[in-house]
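# Architecture and fold: a report
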Amino acid sequence: EVIEAWFRDFGPDLPRFSKSGEVIAALVSRSSDPRLTFWANASNRYAIFDAQRGPQTVGAALLSGAEGTHKVLADVGRHDPLRASGRFFRAAVLALLQALPKALQRPDAAKAFDRAAEILEVRQPTQDRIGRMVERPVLRFPDLAGETISAMLSPWLAAPQGSHTAPKEVIKAFLLRFFVDPRLYPDRWKPAPEECARLMRSWLAEASLETFFDLISEKNDDPQWRYRRAFWRACLRNLPKDRPGEVWVILGPGMAARAKAVRDLANGYGSMDASGQYGEQAVLLIRLGSIILSEWSNVGPVRAWLVGDRKCPPLYRSRYAAADLRAQGMDFPDHPRLGRGGAFDGKGLWHRSPQTGLWQGCAAQFLATHVGLYLTEQDYMRP
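These remarks concern the structure in this document. (Residues numbered from 1 in each chain as written. Predicted model: local features only at pLDDT ≥ 70, side-chain atom pairs only at ≥ 80, totals over all residues. Heavy atoms only, no water.)

## Some words on the nonpolar core
Formed by 63 residues in total, the largest nonpolar core has its most connected members in I48 and L175. Counting residues per element, this core draws most heavily on helix α6 (residues 87–103), at 9 residues. Each residue touching L175, except ones within four places of it in the same chain, is listed here: I149, M152, L153, V180, W189 and M200. Formed by 41 residues, the second largest nonpolar core is a distinct cluster that contains F213, W225, A304 and W359. (Core = buried A, V, L, I, M, F, W, Y, C linked by side-chain atoms within 4.5 Å. Buried < 20%, exposed > 50% of the residue type's maximum accessible area, 1.4 Å probe, protein only. Helix = DSSP H or I, 4+ residues; strand = E, 2+ residues; numbered from the N terminus. Contact = heavy atoms within 4.5 Å.)

Here it is as structure tokens:
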């Protein structure tokens, strides 16, 4: 009972707590009682009764030890989920999370993440809507949500993408499973620094952009779409790290009926109340700085609004009226080199002469003026 109390009520900052651990370690090491042999071995190998070293040693073994996580849990008597919930094990998991950022920078980052995920995730029995008992994944220690998010996203927060080996898509899926879409449920991400939610929103923006154009290419192989995709990719790619773009896809009823679209967007999209030709359309809303732009899946123009304008369609709504997505917006200047191609009636910029970069140059000049985003032809003329 004394040993179980050590794990359950672990508190290295409590008066004389560290001393009590020393007493327990000495007791189990000298005892001839076979029931204490297990704890003597665990103490020798993992220093589990050392209030400072114990959680660090167990956390390191769980994250990057030579043996599997289940073996480590068994070695320290935490293989039973009920016993792996006390304060000692929480401290060990916290130590694991503190070590995870460096582990995700190593060549074996994917292995380290898999080991961490095995410890962080548990299955919790619950009833579904019709009363059946099912298991759902939950975090073992929900109060470590902020530390979990920060540790997993640390490679991208600390260094540019491509300079590390962390498994981005696997980490992204893990975080979305437990903390869902930060665009729709921002409160779920508040335990972590804002830069974490910002990074995840940028990842979701990239994914939504690609899905939008993939949907279009299923039924439309017009070469102009290659230029449109290249331009918007360049916009997201060249924005400052601390001010990434945001993207929201809106699907008409016909487009939303495609199972693949819903699956790829993971329900992170809006629905358009429309019929007829608009029912088969999709709209891309893109926020760049203080501007929101729209791109339709047909041959309609690019529209732009200043955030805060009453006509500006907001991001992340569940439903939109088609007319609101065609509201009068801002003017676009002429191409700075060609001296033509602009739009001055508030009805949007048409995608004229994409092969020569006409509309792209007009849009780039608009973004330079209103967003401070400076694109060159080399940035966007690579379809």
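## Looking at the pattern of salt bridges
Applying the stated rule across the entire model yields 25 salt bridges. Among the salt bridges present, the one from E206 reaches K168, with a minimum N-O distance of 3.3 Å. Here the residue E206 occupies a position in helix α10 (residues 194–219), and K168 occupies one in helix α9 (residues 168–179), the gap between them amounting to 38 residues. When its relative accessible area of 15% is taken as the criterion, K168 is described as buried. As a salt-bridge pair, E246 and R201 come within 3.9 Å of each other at their nearest N and O atoms. Remark: R201 occurs in helix α10 and E246 occurs in strand β3 (residues 246–251); sequence separation between them is 45 residues. Look at R201 and you get buried, because its relative accessible area is 15%. Each of R45, E67, K71 and D75 takes part in a single network of salt bridges with overlapping partners. (Salt bridge = Lys/Arg side-chain N within 4 Å of Asp/Glu carboxyl O.)

## Remarks on the side chain of R183
Its location among the elements puts R183 in the loop between α9 and α10. A distance of 2.8 Å separates the side chain of R183 from the side chain of D181, its partner in a polar contact. One polar contact links R183 to S208, side chain to side chain, over a distance of 3.4 Å. With near-sequence residues (within four places) excluded, R183 lies in contact with R201, L204, S208, V247, W248, G268 and Y316. (Polar contact = N/O pair within 3.5 Å; in protein donor to acceptor, adjacent residues only side chain to side chain.)

## Examining the packing of aromatic side chains
Think of a pair of aromatic rings as described by two things: how far the centres are apart, and how the planes are tilted against each other in angle. This structure, assessed with the given rule, holds 21 aromatic pairs. Seen from their ring centres, F7 and W39 are 5.5 Å apart, and the 40° between their planes marks the pair as tilted. Here W39 lies in helix α3 (residues 37–46) and F7 lies in helix α1 (residues 2–8), a separation of 32 residues in the sequence. Exposure class is identical for F7 and W39. Each is buried. Members of the aromatic cluster, connected to one another through ring pairs, are W6, F7, F10, F17, F38, W39, F49 and F88. One Lys or Arg, R78, reaches over the ring of F7 and ends 4.0 Å from the middle of that ring. (Phe/Tyr/Trp six-rings, centres within 6.5 Å; stacked < 30°, edge-to-face > 60°. Lys NZ or Arg CZ within 6 Å of the ring centre and 35° of its normal.)

## Notes on α3
Where α3 is concerned, the buried positions are W39, A40, A42, S43 and Y46. Buried residues of α3 fall within an arc of 165° about the axis and therefore sit on the same side. Among the structural elements, α1, α2 (17–30), α4 (53–64) and α5 (69–75) are those in contact with the buried residues of α3. Two residues or fewer after α3 comes A47, characterised by a positive phi angle close to 55°. (Arc of directions from axis to C-beta.)

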